[in-house]
Amino acid sequence: MKGRRLKTAFILGAGLGTRLRPLTERCPKPLLPIGGRPIITYAMDHLLTVGVDRFIVNTHHRPEVYVRIFPDGHWRGTPITFRHEPVLLDTAGGLKNIEDLLGQDEAILCYNGDVVCDLPLHGLLTAHDEWRPEATLVLRSNGPLLNVSINERGEICDLRHTLGNPGVQSCLFTGIYAVETSILQLLEAGRIESVVPAFLRRITARPGSIRGLVVDEGDWHDVGSVDAYESLRAAMPARGET
């Protein structure tokens with residue numbers, strides 16, 4: 001089966017959730033309930049549809065809540081490894097921090113822990129396996145922040161309008177992507193850094209190394225504010241709620 005190189009998923013769960021305060025003062029944002037269960041479990045279920053067989057979740061704010069929610073370190077029988085960050089490392093720093101856990105992985109899936117969506121993921125696995133770029137980002141044609149530029153070959157040529165290369169289409173980044181673990185060798189251990197500058201360096205040094213895949217099917221929600229959270233919570237009530 002294509003895509004079986006991608007068996008490990010890294011779910012980013014270490015953010016402070018400042019835009020959702022006071023809801024996140026005692027609970028990490030990915031563990032806030034929607035539909036009667038933690039937000040992060042929707043990401044886990046989504047990843048299980050493409051054959052992921054282990055999760056790695058980074059933690060920082062209130063890590064003990066993760067232990068309380070997942071006392072046996074599993075979700076639906078799939079093991080979860082928690083990697084705590086005493087100092088918040090951001091997305092690229094968080095990736096580098098799990099490098100030692102990826103000895104057998106050529107590539108992994110990454111998924112923001114505050115995203116709830118049902119877009120089809122199989123195309124990502126197929127595209128990444130076929131093209132073998134250093135990273136493949138799942139994009140949307142429409143959304144509130146269209147700041148990922150792709151060219152006619154499906155290569156990402158700019159992020160956040162940094163390089164002045166608009167390409168042929170501006171897209172929204174879904175927070176879901178596949179990366180070759182070899183790219184982690186280019187990151188500095190302990191450095192607090194987003195994947196954005198890390199990807200920009202690769203786009204500059206090796207054009208075509210970061211690709212995009214536009215997937216407009218399905219629904220996609222970023223739980224990035226109290227209003228967004230309350231809206232999604234109302235749309236996905238727990239059983240027994242009205």
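See the structure above.
Chemist: Can you break down the overall build of the protein chain residue by residue, with the values?
Modeler: Looking only at helices and strands, the protein chain has 6 helices and 14 strands in total. In terms of overall size, the protein chain behaves like a compact globule, its C-alpha atoms giving a radius of gyration of 17 Å where 242 residues would be expected to give roughly 18 Å. Once the C-alpha set of the protein chain is aligned to its principal axes, its extents read approximately 50 × 35 × 35 Å. Counting across all 242 residues of the protein chain, residues that qualify as buried make up 52%. Taking contacts inside the protein chain between residues at least 6 apart in sequence as the whole, the part at least 24 apart equals 75%. Of the roughly 11200 Å² of accessible surface on the protein chain, 51% is carried by carbon and sulfur atoms. With 26 positive and 29 negative side-chain charges, the protein chain shows a separation of 2 Å between the mean positions of the two kinds.

Chemist: Outline the side chain of T59, supporting the account with residue identities and numerical values.
Modeler: Take T59: it is sitting in strand β4 (residues 54–59). A distance of 3.0 Å separates a polar atom in the side chain of T59 from a polar atom in the side chain of H84. Once you skip the residues sitting within four places of it in the chain, T59 turns out to touch G13, A14, Y66, F82, R83, H84 and E85.

Chemist: Go over unusual backbone geometry with me, naming the residues and quoting the values.
Modeler: Looking along the chain, the bond that leaves R21 and enters P22 is cis, with omega of 10°. Mapped onto the secondary structure, P22 falls in the loop between β1 (8–12) and β2 (33–34). A positive phi angle, near 50°, is found at R76, a position not held by glycine. For R76, the position within the fold is in the loop between β5 (74–75) and β6 (78–84). Judged by its relative accessible area of 55%, R76 is exposed. Phi at H161 is positive, roughly 60°, even though this residue is not glycine. Summarising the element assignment, H161 is placed in the loop between β11 (156–159) and β12 (169–180).

Chemist: Please give an account of helix α4 (residues 122–131) that cites residues and values.
Modeler: Within the span of α4, buried status applies to L124, L125, A127, H128 and D129. On its buried face, α4 sits against β7 (107–112), β9 (135–140), β12 and β13 (210–214). The positive-phi residue at the C-terminal boundary of α4 is R132, with phi of around 50°.

Chemist: Give me the pairing of β12: which residues, what numbers.
Modeler: Taking burial as the measure, the 12 residues of β12 include 9 buried ones, the bulk of the element. Sheet topology places β7 next to β12; 5 bridges connect them, and they run antiparallel. Within β12, the residue paired with A107 across the bridge is E180. The pairing of strand β10 (residues 148–150) with β12 spans 3 bridges and is antiparallel. Following the sheet pairing, S149 is matched in β12 by S170.

Chemist: So what about the side chain of T24? Which residues, and what values?
Modeler: In this structure, T24 sits in the loop between β1 and β2. If near-sequence neighbours (up to four positions away) are discounted, T24 is found in contact with L16, G17, K29, L32 and H61.

Chemist: Describe in detail the pattern of salt bridges, supporting the description with residues and values.
Modeler: On inspection of all chains with the given rule, the structure shows 17 salt bridges. D129 serves as the salt-bridge partner of R5, at 3.1 Å between the closest nitrogen and oxygen. With R5 in the segment before β1 and D129 in helix α4, this pair connects stretches of sequence that are 124 residues apart. Under the relative-accessibility criterion, R5 is labelled buried at 16%. In this structure, E180 engages R5 in a salt bridge whose closest nitrogen and oxygen atoms are separated by 2.8 Å. Here R5 lies in the segment before β1 and E180 lies in strand β12, a separation of 175 residues in the sequence. Accessibility assignment for this pair places E180 and R5 in one class, buried. Residues participating in the shared-partner salt-bridge network are R5, E106, D129, R132 and E180.

Cut-offs and rules
- Residues numbered from 1 in each chain as written.
- Predicted model: local features only at pLDDT ≥ 70, side-chain atom pairs only at ≥ 80, totals over all residues.
- Heavy atoms only, no water.
- Helix = DSSP H or I, 4+ residues; strand = E, 2+ residues; numbered from the N terminus.
- Rg over C-alpha atoms; globule rule 2.2 N^0.38 Å.
- Buried < 20%, exposed > 50% of the residue type's maximum accessible area, 1.4 Å probe, protein only.
- Contact = heavy atoms within 4.5 Å.
- Areas by Shrake-Rupley, 256 points an atom, 1.4 Å probe, with all protein chains shown as cover.
- Lys, Arg positive; Asp, Glu negative; His and termini not counted.
- Charge placed at Lys NZ, Arg CZ, Asp CG, Glu CD.
- Polar contact = N/O pair within 3.5 Å; in protein donor to acceptor, adjacent residues only side chain to side chain.
- Pairing = 2+ DSSP bridges.
- Salt bridge = Lys/Arg side-chain N within 4 Å of Asp/Glu carboxyl O.

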